[in-house]
Amino acid sequence: MSLLARIRPDLAAFAPYASARRSGFEARIRLDANESPWSGDADASGLNRYPSPQPEELRARLAALYGVDPSRLWLGRGSDEAIDLLLRAFCRAGRDNVVAPAPTFGMYRIGAQLQGAEYRTLALRGEDDFALDDEALLALTDADTKLVILCSPNNPTGTLYHGERLAGLAARLAGRALLLVDEAYIEFAGVASACALIDRHPNVAVLRTLSKVHALAGARIGVLIAAAEIVDLVARIAAPYPLPTLSVRAALAALDDDAVARTDRRVDVLLAERARVAQALERMADVRRVWPSSGNFLLVRFADAGAAFARALGAGILLRDVSRQPGLEHCLRITVGAPDENDALLAALAGSAA
Ligand SMILES: *Cc1c(COP(=O)(O)O)cnc(C)c1O
């Protein structure tokens, strides 16, 4: 059964806004979109025109980068937008539910709540390195489950959930729920993307983003990779022009071959730094645990997370306090920075721990 049978029934015949750029016509003089005929004084580069709903050049470039067919990509304002649209497309308010492990990225819960969907979580334990019991996760699903969301590597734990087990989960959810794999940090993990599963398991969808490894968080570009029918569905309900022209230009510049080669070298630096920082933290007296991480961050349990947070802040360094999340008592999430930033952090934490 196609997963499209599982979308909100009231959206089945939903007709998208017919924007001017969707007409398919090309012409020398465009009088179809109520745009200004003149470029603004400060910018002669065509910002007076609406952008393409899905810029072909960027789509083709990303498809090549991710090794998938362009028809499987939908580009949006960060992966946050794709999460939101999938929840909106599939979940009937007050009836359907979404299943995910916890702790994980907070936007899944927010998106589900905004849509009025129930958000069910499977608690993972730090003592078990946040190992995921697939059967326990599946046991939380029922006839009204529309999405199962796995973040891999998981934010904020750094845990990787990948390989054939994802195929197994997808097979068990076939025809009833989408298995959404958020790979915002996959480039730091050294493993293959779950994109390769989509051929065999059309109920798998993958999120990638330019916000992390490609250093474009400010451009707000995220990518949904899914079966063409899911991509078409999302494109149908999305805002008409999700991608600002300037962001598309920045992305194309950041994705040419030279830039990608530079990005790869920076990943190497970051991975070496991740290992160095983890080792140094493990030697500190008030560090209780540093979990293995496949992302560009470390989850660290301190004897007193509040004190460690304050020490870092006193040295002008902001960390992410995740200690209020269930299971993450006294934990901070620490982004791996540039070598000098990491030196400053280690000095600040070591200084007063003694
Ligand atoms: C940072 C992050 C993203 C990226 O979101 P964008 O909207 O693309 O910037 C997605 N998922 C997770 C888990 C993240 O940590």
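Coordinates for the structure precede this section.
Residues numbered from 1 in each chain as written. Predicted model: local features only at pLDDT ≥ 70, side-chain atom pairs only at ≥ 80, totals over all residues. Heavy atoms only, no water.

**Looking at the overall build of the protein chain**
Within the protein chain one finds 10 helices and 11 strands. Computed over C-alpha atoms, the radius of gyration of the protein chain comes to 22 Å, within 12% of the 20 Å expected from 2.2 N^0.38 for 354 residues, which places it in the range of a compact globule. Each principal axis of the C-alpha atoms in the protein chain carries an extent, and together these give about 70 × 55 × 30 Å. In the protein chain, which comprises 354 residues, the proportion classed as buried is 51%. (Helix = DSSP H or I, 4+ residues; strand = E, 2+ residues; numbered from the N terminus. Rg over C-alpha atoms; globule rule 2.2 N^0.38 Å. Buried < 20%, exposed > 50% of the residue type's maximum accessible area, 1.4 Å probe, protein only.)

**Let's talk about a nonpolar patch on the surface**
The grouping of Met107, Ile110 and Leu114 at the surface amounts to a nonpolar patch, some 290 Å² of accessible area in total. Relative to the helices and strands, Ile110 resides in helix H3 (residues 107–115). Of the residues examined, Ile110 reaches a relative accessible area of 40% and is grouped as partly exposed. (Patch = residues over 30% accessible without salt bridge, like charges linked within 9 Å, V, L, I, M, F, W, Y side chains within 5 Å. Areas by Shrake-Rupley, 256 points an atom, 1.4 Å probe, with all protein chains shown as cover. Salt bridge = Lys/Arg side-chain N within 4 Å of Asp/Glu carboxyl O.)

**Thoughts on the packing of aromatic side chains**
Within this structure, the stated rule accounts for 4 aromatic pairs. Note on Phe105 and Tyr108: the rings are 5.5 Å apart at their centroids and 80° apart in plane angle, and the pair reads as edge-to-face. Given the relative accessible area of 24%, Phe105 is considered partly exposed. For the pair Tyr185 and Phe297, a centre-to-centre distance of 4.9 Å together with 75° between the ring planes defines the contact as edge-to-face. Taken together, the residues Tyr185 in the loop between strand S5 (178–182) and strand S6 (204–209) and Phe297 in strand S9 (residues 297–302) connect sequence positions 112 residues apart. Residue Tyr185 shares its accessibility class with Phe297, and that shared class is buried. (Phe/Tyr/Trp six-rings, centres within 6.5 Å; stacked < 30°, edge-to-face > 60°.)

**Things to note about the side chain of Ser211**
Following the sequence through the fold, Ser211 ends up in the loop between S6 and strand S7 (222–225). There is a polar contact of 3.5 Å between the side chain of Ser211 and the side chain of Arg220. What Ser211 contacts, discounting residues up to four positions off in sequence, is Leu216, Ala217, Arg220 and Ile221. (Polar contact = N/O pair within 3.5 Å; in protein donor to acceptor, adjacent residues only side chain to side chain. Contact = heavy atoms within 4.5 Å.)

**Concerning the nonpolar core**
Phe90, Leu147 and Leu224 are the most contacted members of the largest nonpolar core, which has 82 residues in total. Looking at this core, the element that brings in the most residues is helix H2 (residues 78–90), giving 7 residues. Looking at this core, you find at least three residues from each of domain 1 (3–255) and domain 2 (258–349). Not counting chain neighbours up to four residues away, the residues in contact with Phe90 comprise Leu3, Arg6, Ile7, Arg8, Asp96, Lys146, Leu147, Leu178, Ile230 and Leu233. (Core = buried A, V, L, I, M, F, W, Y, C linked by side-chain atoms within 4.5 Å. Domains from an automatic or database assignment.)

**Looking at H3**
Within H3, the full set of buried residues consists of Tyr108, Gly111, Ala112 and Gln115. All buried residues of H3 fall inside an arc of 95° around its axis, so they share one side. Away from the buried face of H3 by more than 90 degrees, exposed residues Gln113 and Leu114 are located. Tucked inside the fold, the buried residues of H3 contact H2, strand S2 (97–102), strand S3 (118–123), strand S4 (145–151) and S5. Two residues or fewer after H3 comes Gly116, characterised by a positive phi angle close to 80°. (Arc of directions from axis to C-beta.)

**What about the site of the ligand?**
The immediate surroundings of the ligand are formed by 14 residues, with Asp182, Tyr185, Thr209, Ser211 and Lys212 found nearest. At a separation of 2.7 Å, an oxygen atom of the ligand approaches a polar backbone atom of Ser79. For the ligand, an oxygen atom lies 2.6 Å from a polar atom in the side chain of Tyr185. Protein coverage of the free-state accessible area of the ligand, which is 390 Å², stands at 93%. A per-element tally of the shell around the ligand places H2 first, with 3 residues. When its residues are assigned to classes, the shell around the ligand shows 5 nonpolar, 5 polar and 4 charged. (Near = heavy atom within 4 Å. Nonpolar A, V, L, I, M, F, W, Y, C, P; charged D, E, K, R; others polar.)

**Regarding the sheet that holds strand S11 (residues 331–335)**
With antiparallel pairing, the 4 strands of this open sheet are ordered in space as S8-S9-S11-S10. Edge strands, defined here as strands with exactly one partner in the open sheet, are strand S8 (287–290) and strand S10 (320–321). Of the pairings in the sheet, the one linking S9 to S11 comprises 5 bridges and is antiparallel in character. Bridge pairing links Phe297 to Thr335 in S11. Seen against the sheet, helix H8 (residues 257–282) touches S8, S9 and S11 and runs at an angle of roughly 5° to S9. (Pairing = 2+ DSSP bridges. Axes fitted to C-alpha atoms, helices over the stretch in contact; angles between N-to-C directions.)

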